[in-house]
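Coordinate analysis (summary)
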Amino acid sequence: MTFWIFMFIVTLLIPITLLLTWYLCPRLKKINNIIGYRSARSKKNQDTWNFAQKYSAKISLYLFFPTLTLSVVIMPMFIHKSMDTIGWIGLAITVIQMLIFVIIIVSTEHALKKTFDGNGNRY
């Protein structure tokens, strides 16, 4: 049971991270290299930075609920299974949740490319 609790908490870390992204990113006013959505395109100028922070936060909130549901619905089905089964299920959930970050990156970069030219000027 202790291992199941541990794995359940682990599978909740990514949804919590998405919620923090939604909350923190729009509040980042200055371009920095430490926190926020950071890519070469998002750091071109202040306008691209603000756009990327708001857009990635919005996508993070949309994807928070599916990732949370994945953890809350699937993990309880394996509460009395073996440690190996719980570990593999927890790993599978975490890998699926990590793919959400790929979706956020691809979506945000696509939106930046569609909204700004190569120099960071709006179309």
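A few points on the structure. (Residues numbered from 1 in each chain as written. Predicted model: local features only at pLDDT ≥ 70, side-chain atom pairs only at ≥ 80, totals over all residues. Heavy atoms only, no water.)

In this structure the tally under the stated criterion is two salt bridges. R41 is the partner of E109 in a salt bridge, and the nearest nitrogen-oxygen pair spans 3.5 Å. Placement of the pair is E109 in helix α3 (residues 83-115) and R41 in the loop between α1 (2-24) and α2 (46-74), with a sequence separation of 68 residues. The exposure class assigned to R41 is partly exposed, which follows from its relative accessible area of 29%. Of the charged contacts in the structure, one is a salt bridge between D47 and R122, with a shortest N-O distance of 2.9 Å. (Salt bridge = Lys/Arg side-chain N within 4 Å of Asp/Glu carboxyl O. Helix = DSSP H or I, 4+ residues; strand = E, 2+ residues; numbered from the N terminus. Buried < 20%, exposed > 50% of the residue type's maximum accessible area, 1.4 Å probe, protein only.)

Once that is clear, we can look at the packing of aromatic side chains. Overall, the coordinates contain five aromatic pairs when judged by the stated rule. Aromatic pair W4 and F8: ring centres 5.1 Å apart, planes at 5°, arrangement stacked. Linking W4 with F8, this pair stays in helix α1, spanning four residues, or about one helical turn. F8 shares its class with W4; the two are buried. Through successive ring pairs, a cluster of aromatic residues spans F51, Y55 and F116. Geometry around Y23 places R27 over its ring, the cationic atom sitting 4.0 Å from the centre. (Phe/Tyr/Trp six-rings, centres within 6.5 Å; stacked < 30°, edge-to-face > 60°. Lys NZ or Arg CZ within 6 Å of the ring centre and 35° of its normal.)

Moving on, we come to α1. For α1, which comprises 23 residues, the first-to-last C-alpha distance of 32 Å matches the rise-based estimate of 33 Å (1.5 Å per residue) to within 8%. For α1, the set of buried residues is W4, M7, F8, T11, L12, I14, P15, L18 and T21. Summarising the contacts, the buried residues of α1 are in contact with α2 and α3. (Expected span 1.5 Å × (residues − 1). Contact = heavy atoms within 4.5 Å.)

Looking at the element boundaries, F116 is found in the segment after α3. F116 sits in the buried class, given a relative accessible area of 2%. It is 48 Å that separates the C-alpha atoms of F116 and F3, two residues lying 113 residues apart in sequence. Non-local contacts of F116, meaning those with residues more than four positions away in its chain, are made with D47, T48, F51, N121, R122 and Y123.

Looking now at the layout of surface pockets. Considering only enclosed or pocket space, the largest pocket measures out at about 270 Å³ in volume. If you trace the largest pocket, you find 13 residues lining it, with T21, C25, G36, Y37 and F101 closest to the centre. Broken down by class, the residue content of the lining of the largest pocket amounts to eight nonpolar, four polar and one charged. (1 Å grid on protein atoms, 1.4 Å probe; cavity = no way out; pocket = protein on both sides within 12 Å on 5 of 7 lines; lining within 4 Å. Points joined across faces, edges and corners; volume = space filled by probe spheres on them. Nonpolar A, V, L, I, M, F, W, Y, C, P; charged D, E, K, R; others polar.)

Functional significance is not addressed by these values, which are geometric in nature.
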